[in-house]
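# Structural features, examined
The chain contents come next:
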Amino acid sequence: MSDDALIVPEGEHGRIRVFALDMRPEQAAFLREPGAVDQVLGLAGLDPAQIDVIRIADLEDLGLAGYLTEGCGLPEAQIAPDREMLAALEGHVIVLRSRAFGGQAAVIAPEPEVRLVATYDEPDSDWSAQPLRSDSALPYSAPRQSPRATRDRARRIGGSLFAVVMVLIALLVWAVVF
């Protein structure tokens, strides 16, 4: 692990870091408390919603590699070279998404029992689409009603709501009196 791997540039997005925890299960379970991961990574202000502290045994047949591909959406081709290394990990891991930094630059200074084992890039979303080619997609393509028809419809809706409210009040008064 190089020192450069622990620098988070400002505006980073789409990166997932996996840290192995070489600590007792009680200590690792404590990391689920707010601010605890910040302490072991030597940071402050991480978004806890973007941090997963995982007991690898809880993943059962899925495994850590499956969690990263199925749960985090990483491509199988990116995980394949590290599959054996991920399967050999035991105990707990921290999965840290770059969104946890809130776009701020940071330097991760982990404690000795926390070590970076892998860094992965999330696939970018494909925002391309074919342009809509339909008359109904054009602005102002719906038939316009005359102002008189619009007012008439509004009066009918208002009258209906008034009638419903009056019936409910009458039922309430009847229930209280009788």
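Heads up: these notes are all about the structure in this document. If you're wondering where the values come from, they're calculated on a predicted model, not measured in any experiment.

## Some points on the environment of Arg97
In this fold, Arg97 is placed in strand S4 (residues 92–97). Along the primary structure Arg97 and His13 are separated by 84 residues, whereas in three dimensions their C-alpha atoms are 8.1 Å apart. Reaching out from Arg97, the side chain makes a polar contact with the side chain of Asp52 at a distance of 2.6 Å.

## A short note on the sheet that holds strand S2 (residues 15–21)
Pairing is antiparallel across the open sheet formed by four strands, whose spatial order is S3-S4-S2-S6. If you trace the sheet from one side to the other, it starts and ends with strand S3 (51–55) and strand S6 (114–121), each paired once. On average, adjacent strands in this sheet sit at an angle of 20 degrees to one another, irrespective of strand direction. Two elements, S3 and S4, share five bridges in a ladder whose sense is antiparallel. Among the inter-strand pairings, Ile51 is bridged to a residue of S4, identified as Leu96. Most of the contacts of helix H3 (residues 63–71) go to S4, to which it runs at about 20 degrees, and overall it touches S2, S3, S4 and S6.

About the cut-offs
Residues numbered from 1 in each chain as written. Predicted model: local features only at pLDDT ≥ 70, side-chain atom pairs only at ≥ 80, totals over all residues. Heavy atoms only, no water. Helix = DSSP H or I, 4+ residues; strand = E, 2+ residues; numbered from the N terminus. Polar contact = N/O pair within 3.5 Å; in protein donor to acceptor, adjacent residues only side chain to side chain. Pairing = 2+ DSSP bridges. Axes fitted to C-alpha atoms, helices over the stretch in contact; angles between N-to-C directions. Contact = heavy atoms within 4.5 Å.

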